[in-house]
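# Notes for the structure review
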Amino acid sequence: MRGHRGWEAQWTSPEPRKDYDVIIIGAGGHGLGTAYYLAKEHGITNIAVLEKGWLGGGNTGRNTTIIRSNYLYDESAGIYDHSLKLWDGLSQDLNYNVMYSARGVMMLSHNVHDQQVFKRHIHANRLNGIDNEWLTPEQAQEFCPPLDISRSARYPINGAALQRRGGTARHDAVAWGYARAAADRGVHIIQNCEVTGIRRNPDGSVAGVDTNRGAINAKKVGVVAAGHTSVLMEMAGVRMPLVSYPLQALVSEPVKPIFPCVVMSNTVHAYISQSDKGELVIGAGTDQYSSYSQTGGLQIITHTLDAICELFPIFRRMKMMRSWGGIVDVTPDRSPILAKTPVQGLYVNCGWGTGGFKATPGSANVFAHTIANDAPHKINAPFTLERFRSGRLIDEAAAAAVAH
Amino acid sequence: MLLIYCPYCEEERSELEFRQAGDAHIARPTNMTEMSDEDFEAFFFLRDNIKGLTFERWRHLNGCGRFFNAARDTVSDKFLTTYKAGLPRPDVSTLRPATEATVETYEATESNAK
């Protein structure tokens, strides 16, 4: 017992070197994870992760921590389930408790259309080796006792789809765990360092970046900047198929354990889980218009809470403690882009929209492979920038299990 | 919640009545079947996604139903001005004074109150 004295810094904050092999722009979960896997699996340790704010202060610290892989299309199933497999064992891999809890993600079906769509998902998922099962209303209530399955409910439930391996993790611990593990392997994490330009060689390839702490040279640059990807890519003259929207979430006052899993309803449009601290964690869709404001409109979260109160009348008198907004980058087909770009040596990992947290380990893992080999891993090979030219979209926009 | 000035109704209404409708001042191609894949991608999928002053279309959906254009700052969400569809892009340097009078944001109202 030492009275909470003597805690050591978990990662160092070095002065930037003049030259790096790889620079990652953005110290969120995806960026730090990319640096970690580059060091661990590809032997590249001369890496800097540049962050304009503080580590994990963007969408990594602003999401609702839901993890699942029940996506419809083969490409999506491939990348999201790669991620889910890495979540299982991530705490041991990083020697850092990320509190991954496979408590189950249950999607409520309220009508015949929901039922047909979810059953289609269940069949598609099972063909891809992803667990997903249909529950009757009684089974759903058994799995999640607070659920009201009476026919007199405002939005009666006619069943649910359950992914038992889905769940939640501790978002901050994911960023901190990757940061510590990467720093242990020699990666430089440089906070309060804003990239203001992307430097190019005479042949057009990437030469490094300009920052508010001076120019830094690098052979390869990976942009992992979520909502600000368009701003950074514009510095290299690459126009992106992205629009940035605020996505809000909120938590209630903490209460004793009452809610054992994650519940989502597309039709009534909200999702809810309970954190290990006891807060109800609540979210829904993006704001209506594009913005970089990191706040969002009050009417949006009011609408979300309307939905929660209709689904779970027991929460009507709960007080909401905090709400916040993150800026998410949304692609036309609602699938991410993890790819090479028209600029040699410049790579981009973006477009995760409203669902990037669940993909953190998988995304970082295959993006590191893409940077190290200058060629995509077979899992992220379909998630190119060129698909918007060829028309080979991965159209989760209509197929995704959540409403947008 | 924002108050947005509809140039057709000539009054400020709550943002709940409006929907954003993409970038303004984009000419829709007339020869879409003959366009190259690159040109179609640029028109259909790629976006400037500007951080700062942007010109965009809005629709007074739950009001007069008409489309108009707006100059908006995507960092503060402040509407600098709104103007009728078909009018040219307004000169940004002259916008600011007109803005205070025509479009009041919540923040502006609050600071007046102080």
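These numbers were taken from a predicted model, which means no experiment stands behind them. (Residues numbered from 1 in each chain as written. Chains lettered and ligands numbered in written order. Predicted model: local features only at pLDDT ≥ 70, side-chain atom pairs only at ≥ 80, totals over all residues.)

### Focus on the overall build of chain B
Counting its secondary structure elements, chain B contains three helices and six strands. The proportion of buried residues among the 114 residues of chain B is 21%. Put simply, 52% of the contacts in chain B that link residues at least 6 apart link residues at least 24 apart. (Helix = DSSP H or I, 4+ residues; strand = E, 2+ residues; numbered from the N terminus. Buried ≥ 20, exposed ≤ 12 C-beta atoms within 10 Å, placed from the backbone. Contact = placed C-beta atoms within 7 Å.)

### Focus: the packing of helix α1 (residues 29–42) of chain A against helix α6 (residues 171–184) of chain A
All names here are of chain A. The contact between α1 and α6 brings their axes to 9 Å, and the two run at 30°. Our classification of the angle between α1 and α6 gives roughly parallel. Crossing of α1 over α6 shows left-handed handedness. Here α1 contributes G29, L32, G33, A35, Y36 and A39 to the contact with α6, which in turn contributes V174, A175, Y178, A179, A181 and A182. (Axes fitted to C-alpha atoms, helices over the stretch in contact; angles between N-to-C directions. Parallel < 35°, antiparallel > 145°, perpendicular 65-115°, else oblique. Left-handed = near helix turned anticlockwise from the far one by under 90°.)

### Quick notes on the packing of α1 of chain A against helix α9 (residues 360–373) of chain A
Residues and elements named next belong to chain A. Closest axis-to-axis distance for the α1/α9 pair is 7 Å, and the angle between their directions is 55°. For the element pair α1 / α9, the angle class is oblique. As α1 runs across α9, the sense of the crossing is right-handed. Contact with α1, carried on its side by G29, H30, G33, T34, Y36, Y37, L38, E41 and H42, involves T360, P361, S363, A364, N365, F367, A368, I371 and A372 of α9 and no other residues of that element. Looking at the contact of α1 with α9, its residues break down into nine nonpolar, eight polar and one charged. (Nonpolar A, V, L, I, M, F, W, Y, C, P; charged D, E, K, R; others polar.)

### Section: the pairing of strand β11 (residues 214–223) of chain A
Residues and elements named next belong to chain A. The pairing of strand β1 (residues 19–25) with β11 spans six bridges and is parallel. Each residue of the ladder has a partner; that of Y20, found in β11, is A218. Summarising the sheet, strand β10 (residues 206–211) and β11 pair through four bridges and their orientation is antiparallel. Of the residues in β11, the one forming a bridge with D210 is A215. (Pairing = 2+ DSSP bridges.)

### Section: the nonpolar core
In a soluble, globular protein the nonpolar side chains are often hidden away together inside. In terms of nonpolar packing, the biggest core is built from 119 residues, with I23, I47, V49 and M106 of chain A touching the most fellow members. When residues of this core are assigned to their parent elements, the largest contribution, eight residues, is made by α6 of chain A. Ignoring anything within four residues of it in the chain, the contact list for I47 of chain A reads Y20, D21, V22, I24, A35, L38, A39, V187 and H188 of chain A. Among the nonpolar cores identified, the runner-up in size contains eleven residues, and Y5, W58, F79 and L80 of chain B belong to it. (Core = buried A, V, L, I, M, F, W, Y, C linked by C-beta atoms within 7 Å.)

### Considerations on the interface of chain B and chain A
With 17 residues of chain B at the interface, the matching set in chain A holds 20 residues. For the side of chain B that touches chain A, the secondary structure elements donating two or more residues are β3 (19–23) and α1 (37–44) of chain B. The dominant element in the side of chain B that touches chain A, judged by the number of residues it contributes, is α1 of chain B, at three residues. Class assignment of the residues belonging to the side of chain B that touches chain A gives a composition of five nonpolar, four polar and eight charged.

### Here's the deal with helix α4 (residues 112–127) of chain A
Residues and elements named next belong to chain A. Here α4 contains 16 residues, and its C-alpha end-to-end distance of 23 Å stays within 8% of the 22 Å for a straight helix at 1.5 Å per residue. Listed as buried for α4 are D114, F118, H121 and N125. In a view along the axis of α4, the buried residues occupy a sector of 55°, so they form one face of it. Away from the buried face of α4 by more than 90 degrees, exposed residues V112, H113, Q116, R120, H123, R126 and L127 are located. In this fold, the buried residues of α4 make contact with α2 (74–87), β4 (105–109) and β6 (159–163). Where α4 ends, the next residue or the one after it, G129, has phi of about 75°, a positive value. (Expected span 1.5 Å × (residues − 1). Arc of directions from axis to C-beta.)

### Notes on the sheet that holds β3 of chain B
Residues and elements named next belong to chain B. Here we have four strands laid out as an open sheet, ordered β3-β4-β5-β6, and antiparallel in their pairing. Of all the strands in the sheet, the pair left with one neighbour each is β3 and β6 (79–84). Averaged over all pairs of adjacent strands, the angle between strand axes in this sheet comes to 35°, irrespective of strand direction. Pairing geometry for strand β5 (residues 67–73) and β6, over five bridges, is antiparallel. Its bridge partner being in β6, A70 is matched across the sheet by T82.

### A closer look at unusual backbone geometry
Residues and elements named next belong to chain A. One non-glycine residue, N192, lies in positive phi territory at about 55°. By the C-beta count within 10 Å, which is 13 here, N192 ends up partly exposed. One non-glycine residue with positive phi stands out, namely R334, at about 60°. Inspection of the secondary structure puts R334 in the loop between β16 (320–330) and β17 (337–340).

### Some thoughts on the sheet that holds strand β14 (residues 270–274) of chain A
Residue and element names in this part refer to chain A. One open sheet accounts for eight strands, arranged β5-β6-β4-β13-β14-β15-β12-β16; its pairing is mixed. Edge strands, defined here as strands with exactly one partner in the open sheet, are β5 (133–135) and β16. Geometrically, the sheet is characterised by an average inter-axis angle of 20° between neighbouring strands, direction not taken into account. In terms of strand pairing, β14 meets strand β15 (residues 280–286) through four bridges, oriented antiparallel. Within β15, the residue paired with Y271 across the bridge is G283.

### Considerations on the domain arrangement of chain A
Often, the extent of an interface is quoted as the loss of accessible area on bringing the components together. Residues and elements named next belong to chain A. Each assigned domain of chain A is listed with its residue range as follows: domain 1 (19–68 + 171–241 + 332–399) and domain 2 (102–167 + 244–330). Using only C-alpha atoms to locate each centre, domain 1 and domain 2 end up separated by 29 Å. Between domain 1 and domain 2, the contact holds 18 residues from the first and 20 residues from the second. Every element with two or more residues in the side of domain 1 that touches domain 2 is listed here: β3 (66–67) and α7 (229–235). In terms of residue class, the side of domain 1 that touches domain 2 is made up of four nonpolar, eleven polar and three charged. (Domains from an automatic or database assignment.)

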